[in-house]
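A structural walkthrough
The chain contents come next:
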Amino acid sequence: MGRVMAPFGVKGAVKVEPFGDDRDSLRRHSAWWVGKPGNLVQVEVLECRAHDAHLVARFEGCSDRDQAGKYRGFEVALRRKELPQTAEHEFYQADLVGLVVMNAKGEQLGRVTGFLPTGANEVMRVAHEGKERLLPVAGEVIRKVDLEAGTIEVDWEVDW
């Protein structure tokens, strides 16, 4: 759902970069899961407000800048059951990790390993034979996602 960027101010708040288009989705929850992948702990959110394109949050037990600094770089997550239902043709990025990426010719480009925010649009990281491809997550590139088949069809050539 997001990432803690840095401490904010001197009273223990943190600046959070929300992922996706709905930054307010995190604001609706009084508890988040924060930490490194595979090692998330639940924290109570005492305060959360919008600040430009980011959020500023304060966690229970975090009352100064040094304590807030310990959260730097941590992922912010919610339990799956707390996430809103996706609309048709919308997917959570976590659901796409591990899927096979192929083009319209049926050529396999690799497997999705994650996503990178770039400002203009997200970029899908695709690993294949020890190398990595970066594909823009945009309507003209991603043609079809089939979760049941475990595939993503893209408008992309193997030599690009």
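Right, let's walk through the structure included here. (Residues numbered from 1 in each chain as written. Predicted model: local features only at pLDDT ≥ 70, side-chain atom pairs only at ≥ 80, totals over all residues. Heavy atoms only, no water.)

**Some details on unusual backbone geometry**
Trans is the prevailing form of peptide bonds, just as negative phi is the prevailing case for residues other than glycine. The phi dihedral of Asp52 is positive, around 55°, even though this residue is not glycine. Note that Asp52 resides in the loop between β4 (39-51) and β5 (54-59). Of note in the backbone geometry, Glu129 takes a positive phi value of approximately 50° without being a glycine. (Helix = DSSP H or I, 4+ residues; strand = E, 2+ residues; numbered from the N terminus.)

**What about the sheet that holds β4?**
On the basis of which strands lie adjacent, the closed barrel formed by six strands has the order β1-β2-β5-β4-β3-β6 and antiparallel pairing. For this sheet the average axis-to-axis angle between neighbouring strands, irrespective of direction, equals 45°. As judged from the two bridges shared by strand β1 (residues 2-8) and strand β6 (residues 75-77), these two strands associate in the antiparallel manner. The residue of β6 that forms the bridge with Gly2 is Val76. (Pairing = 2+ DSSP bridges. Axes fitted to C-alpha atoms, helices over the stretch in contact; angles between N-to-C directions.)

**Looking at the pairing of β1**
Along a regular strand, successive side chains alternate from one face of the sheet to the other. Here six bridges tie β1 to strand β2 (residues 13-18), and the two strands are oriented antiparallel to one another. Each residue of the ladder has a partner; that of Val4, found in β2, is Val16. Where β1 folds back onto β2 in an antiparallel hairpin, the turn is made up of four residues, including Gly9, whose phi is positive at roughly 80°.

**A short note on the environment of Trp32**
Looking at where Trp32 falls in the secondary structure, it is placed in strand β3 (residues 31-36). Judged by relative accessible area, which is 0%, Trp32 ranks as buried. Not counting the four nearest positions on each side in its chain, Trp32 is found in contact with Val16, Leu26, Val41, Gln42, Val43, Val45, Cys48, Ala57, Phe59, Val76, Ala77 and Leu78. From its side chain, Trp32 meets the backbone oxygen of Leu26 in a polar contact 3.2 Å long. (Buried < 20%, exposed > 50% of the residue type's maximum accessible area, 1.4 Å probe, protein only. Contact = heavy atoms within 4.5 Å. Polar contact = N/O pair within 3.5 Å; in protein donor to acceptor, adjacent residues only side chain to side chain.)

**Digging into the packing of aromatic side chains**
Where two aromatic rings form a pair, the distance of their centres and the angle of their planes describe that pair. This model, assessed by the stated rule, comprises four aromatic pairs. Judged by centre distance (6.0 Å) and plane angle (80°), the rings of Tyr71 and Phe74 are edge-to-face. A relative accessible area of 17% places Tyr71 in the buried class. Seen in terms of ring centroids, Trp156 and Trp160 are 5.3 Å apart; in terms of plane orientation they differ by 75°. Their pairing is edge-to-face. (Phe/Tyr/Trp six-rings, centres within 6.5 Å; stacked < 30°, edge-to-face > 60°.)

**Focus on the nonpolar core**
Formed by 17 residues in total, the largest nonpolar core has its most connected members in Val14, Val16, Trp32, Phe59 and Tyr71. For this core, the secondary structure elements donating two or more residues are β2, β3, β4 and β5. In terms of residue count, the dominant contributor to this core is β5 (three residues). Excluding anything up to four places from it in sequence, Tyr71 contacts Val4, Val14, Val34, Val43, Phe59 and Cys62. Formed by 14 residues, the second largest nonpolar core is a distinct cluster that contains Phe115, Leu135, Val141 and Val145. (Core = buried A, V, L, I, M, F, W, Y, C linked by side-chain atoms within 4.5 Å.)

**Some thoughts on the pattern of salt bridges**
One pass over the full model with this rule turns up seven salt bridges. Between Glu17 and Arg3 there is a salt bridge; the shortest N-O distance is 2.7 Å. One end of the pair, Glu17, is in strand β2; the other, Arg3, is in strand β1, and 14 residues separate them in sequence. Residue classification places Glu17 among the buried positions, given a relative accessible area of 18%. Across the pair Glu47 and Arg49 runs a salt bridge whose closest N-O atoms are separated by 3.8 Å. A relative accessible area of 36% places Glu47 in the partly exposed class. Owing to a relative accessible area of 35%, Arg49 belongs among the partly exposed residues under this scheme. (Salt bridge = Lys/Arg side-chain N within 4 Å of Asp/Glu carboxyl O.)

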